[in-house]
Amino acid sequence: MRHYPIFMDLHERRALVVGSGEVAERKAEALRRCGALVDIHPAFDPRALDGCALAIGAEAPEADLRALSAEARARGIPVNIVDRTELCSFITPSVIDRDPVTVAVSSSGTAPVLARMLRSRIEAMIPPAYGRLAALADRFRAKLRRHIPDIAMRRRVLEDIFAGRVADLVFANRDSEAAALFADKLGNSGPASRSGMVYLVGAGPGAADLLTLRAQRLLGEADVIVHDRLVTDDVLDMARRDAARINVGKARANHCMKQADISSLLVRLCREGKRVVRLKGGDPLVFGRGGEEAEALEHAGVAFEIVPGITAALACAAQARIPLTHRCAARSVTLVTGHTCNGSLDIDFQAAVQFGGTLAIYMGIATLPLLRDGLAAAGQDPLTPAALVEWGGTRRQRTLFGTLDELVERAVVRSTGGPALVLVGPAVGAGGTLHEAGSGQRGVARSQCLLVCPSACT
């Protein structure tokens, strides 16, 4: 490690910026945000360094930059010349600002672009609420020391607070409740008792980088992960290494655990004080039985939160470059399920055809012939474009384009048994030619979701 990382208090201390232009202004503004008293000089004057705690040079003539570096070093004043490490006595890192929490990333000046990329990745994992959580802890710091003088015990209490219900309330923008709970926990002289919590979390289509930031954070904090079979290993790898994992996956006509048993499991784990992530492929409230589990948790009186995820229709369409809505053509999208208990499709085919948008059928590969026949009987044009998307939203995605007749003919042979979504509507493609993803042009026409776009081209 060449550079010693340090955070300097510049509040009400003088700082000099030599130079003019966008970079110099940006550096000056960053110093002001830290409370520094900033002087900006377009050219270097040694007298400007008098009384300064720090100096920065940017976008100034070469002679001025070298003179600033030499004079500041001679006086023992930390100096940074932007993008000139050989003239610097300190370097400025890429910063994640979650005041009062600050995270800095540096490559010692060797690869600033890489440092900025790493900063972006870390920033995505640290939502702004962490700053409010730190500020809340600071409010109780003196009281915490009085009530829990033992350092090891105090650390355990804080770990529980930062990973428990207090943090949950802060992240849910319920700061007053968080403060009340924080104060209540300090009433105990021992470690705070853990309150159980269940999170019904959407895992998205399978790619780990399509998780929401909240889902990613919760996976890193959970004691137990209760997951479906469609949750990928890439997503599960985001979880805490020592978290227990329980697979309760269900496939059509092959349930490894009944829904009532899953709900009972969630209630039991929560009452044991566990932080439980119930991880579901896609979104928990879109054909994911999240509503049933939420009702069971509500009835049992246990705490829970619902965290949305990217549902299959959005992921499949995006990766296949199929517009679900389009201002000039696509006015709505209808989401339905093709997975039925008795083998029939419970779809109002007449309404679907008359509505004229894009129809997205989840788990529809087994009932694809029934779907085709139902739409045909309701008067749908047999040449309406359709697409069958398997393993949507992952690196394994495969998309077959054609008419419903062509998809029915090919689907059974082509399917690998993965999760599949069927999209039907003029926006899916143009004409009736059958082609694989990436091998042909698809036109943009009208589409549909019981999400209705009010605008239209005129």
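Residues numbered from 1 in each chain as written. Predicted model: local features only at pLDDT ≥ 70, side-chain atom pairs only at ≥ 80, totals over all residues. Heavy atoms only, no water.

Participant: Which parts of the structure should I look at to understand the environment of Ala 352?
Facilitator: In this fold, Ala 352 is placed in helix 14 (residues 349-355). For Ala 352, a relative accessible area of 15% corresponds to the buried category. Put simply, Ala 352 and Thr 334 are 18 residues apart on the chain and 7.9 Å apart in space, counted from C-alpha to C-alpha. (Helix = DSSP H or I, 4+ residues; strand = E, 2+ residues; numbered from the N terminus. Buried < 20%, exposed > 50% of the residue type's maximum accessible area, 1.4 Å probe, protein only.)

Participant: Help me understand the nonpolar core, please; the structure alone is not making it clear to me.
Facilitator: Nonpolar side chains in soluble globular proteins tend to be buried together. If you look at the biggest cluster of nonpolar residues, it comprises 21 residues, and the most contacted ones within it are Leu 359, Leu 368, Leu 371, Leu 375, Leu 404, Val 422 and Val 424. Those elements giving two or more residues to this core turn out to be helix 14, strand 15 (358-362), helix 15 (368-377), strand 16 (385-390), helix 16 (404-414) and strand 18 (420-424). For this core, the element with the highest residue contribution is helix 16, accounting for four residues. (Core = buried A, V, L, I, M, F, W, Y, C linked by side-chain atoms within 4.5 Å.)

Participant: Just to check I follow, could you spell out helix 2 (residues 62-75) for this structure?
Facilitator: An α-helix turns once per 3.6 residues; consequently, residues spaced three or four apart project the same way. The terminal C-alpha atoms of helix 2, which comprises 14 residues, lie 20 Å apart, in line with the 20 Å expected from a rise of 1.5 Å per residue. Restricting attention to buried positions, one finds in helix 2 the residues Asp 64, Leu 65, Leu 68, Ser 69 and Ala 72. Projected down its long axis, helix 2 shows its buried positions confined to an angular sector of 135 degrees, all on one face. In helix 2, the exposed positions that point more than 90 degrees away from the buried face belong to Ala 63 and Ala 74. Close packing links the buried residues of helix 2 with strand 1 (14-18), strand 3 (52-57) and strand 4 (79-81). Two residues or fewer past helix 2, Gly 76 is found with a positive phi of approximately 75 degrees. (Expected span 1.5 Å × (residues − 1). Arc of directions from axis to C-beta. Contact = heavy atoms within 4.5 Å.)

Participant: When you look at the layout of surface pockets in this model, what are you seeing that I'm missing?
Facilitator: The computed volume of the largest pocket comes to approximately 2000 Å³. As for the largest pocket, its lining consists of 46 residues, of which Ile 91, Thr 92, Pro 93, Ser 94 and Val 95 are closest to the centre. Elements with a minimum of two residues in the lining of the largest pocket: helix 1 (22-33), strand 3, strand 4, strand 5 (94-98), strand 6 (101-105) and helix 3 (112-125). Top contributing element to the lining of the largest pocket by residue count: helix 1, with five residues. For the lining of the largest pocket, the class distribution of residues is 24 nonpolar, 12 polar and 10 charged. (1 Å grid on protein atoms, 1.4 Å probe; cavity = no way out; pocket = protein on both sides within 12 Å on 5 of 7 lines; lining within 4 Å. Points joined across faces, edges and corners; volume = space filled by probe spheres on them. Nonpolar A, V, L, I, M, F, W, Y, C, P; charged D, E, K, R; others polar.)

Participant: Could you clarify how one ought to interpret the packing of helix 4 (residues 129-139) against helix 8 (residues 175-185) in this entry?
Facilitator: Contact geometry for helix 4 and helix 8: axes closest at 11 Å, N-to-C directions at 40 degrees. Relative to helix 8, helix 4 is oriented oblique. Note that helix 4 runs across helix 8; the crossing there is right-handed. Between helix 4, through Arg 132, Leu 136, Ala 137 and Arg 139, and helix 8, the contact on the second element is made entirely by Asp 175, Ala 178, Ala 179 and Phe 182. Of the residues assigned to the contact of helix 4 with helix 8, the class counts are five nonpolar, no polar and three charged. (Axes fitted to C-alpha atoms, helices over the stretch in contact; angles between N-to-C directions. Parallel < 35°, antiparallel > 145°, perpendicular 65-115°, else oblique. Left-handed = near helix turned anticlockwise from the far one by under 90°.)

Participant: Teacher, can you tell me more about the pairing of strand 18 here?
Facilitator: Along any regular strand, the residues point their side chains to alternate faces of the sheet. Of all the five residues making up strand 18, five are buried; the element is thus mostly covered by neighbouring parts of the structure. Residues of strand 18 alternate between two faces, with Ala 420, Val 422 and Val 424 on one and Leu 421 and Leu 423 on the opposite face, all of them buried. In the sheet, strand 15 pairs with strand 18 via four bridges, with the strands oriented antiparallel. If you follow Ile 361 over to strand 18, its bridge partner there is Val 422. Bridge count for strand 16 against strand 18 is five bridges, and the pairing is antiparallel. (Pairing = 2+ DSSP bridges.)

Participant: What is the right way to read the pattern of salt bridges from this model?
Facilitator: Counted under the stated rule, the structure contains 29 salt bridges. When the shortest N-O distance is used, the salt bridge between Arg 214 and Glu 305 registers 3.2 Å. Note that Arg 214 is positioned in helix 9 (residues 213-221) and Glu 305 in strand 13 (residues 304-307), a separation of 91 residues in sequence. The exposure class assigned to Arg 214 is partly exposed, which follows from its relative accessible area of 37%. Given a relative accessible area of 17%, Glu 305 falls into the buried group. As a salt-bridge pair, Lys 274 and Glu 272 come within 3.3 Å of each other at their nearest N and O atoms. A residue is classified by how much of its surface remains accessible, and Glu 272, at 42% relative accessible area, is partly exposed. A single salt-bridge network, built from bridges that share partners, covers Glu 62, Arg 66, Arg 84 and Glu 86. (Salt bridge = Lys/Arg side-chain N within 4 Å of Asp/Glu carboxyl O.)

Participant: Explain the sheet that holds strand 4 to me, please; I cannot follow it from the model alone.
Facilitator: Backbone hydrogen bonds hold the strands of a sheet together, and the pairing may be parallel or antiparallel. The strand order 2-1-3-4 describes an open sheet built from four strands, whose pairing is parallel. Both edges of this open sheet fall to strand 2 (37-41) and strand 4, since each of them pairs with a single strand only. Within the sheet, the average angular offset between the axes of one strand and its neighbour, ignoring direction, is 15 degrees. As judged from the five bridges shared by strand 1 and strand 3, these two strands associate in the parallel manner. Along strand 3, the bridge assignment pairs Arg 14 with Cys 52. Across the sheet, helix 1 touches strand 1, strand 2 and strand 3, and the angle it forms with strand 2 is around 165 degrees. Helix-sheet contacts for helix 2 involve strand 1, strand 3 and strand 4, and the interaxial angle to strand 4 is about 160 degrees.

Participant: What am I meant to see in the UniProt feature "active site" (unreviewed entry) in the protein chain here?
Facilitator: According to UniProt, the "active site" (unreviewed entry) feature falls on Asp 228 and Lys 250. Sequence-distant contacts of Asp 228, that is, excluding residues within four places in its chain, are made with Asn 247, Val 248, Gly 249, Arg 278, Leu 279, Lys 280 and Gly 281. (UniProt positions renumbered as here; feature names shortened; annotations may be inferred.)

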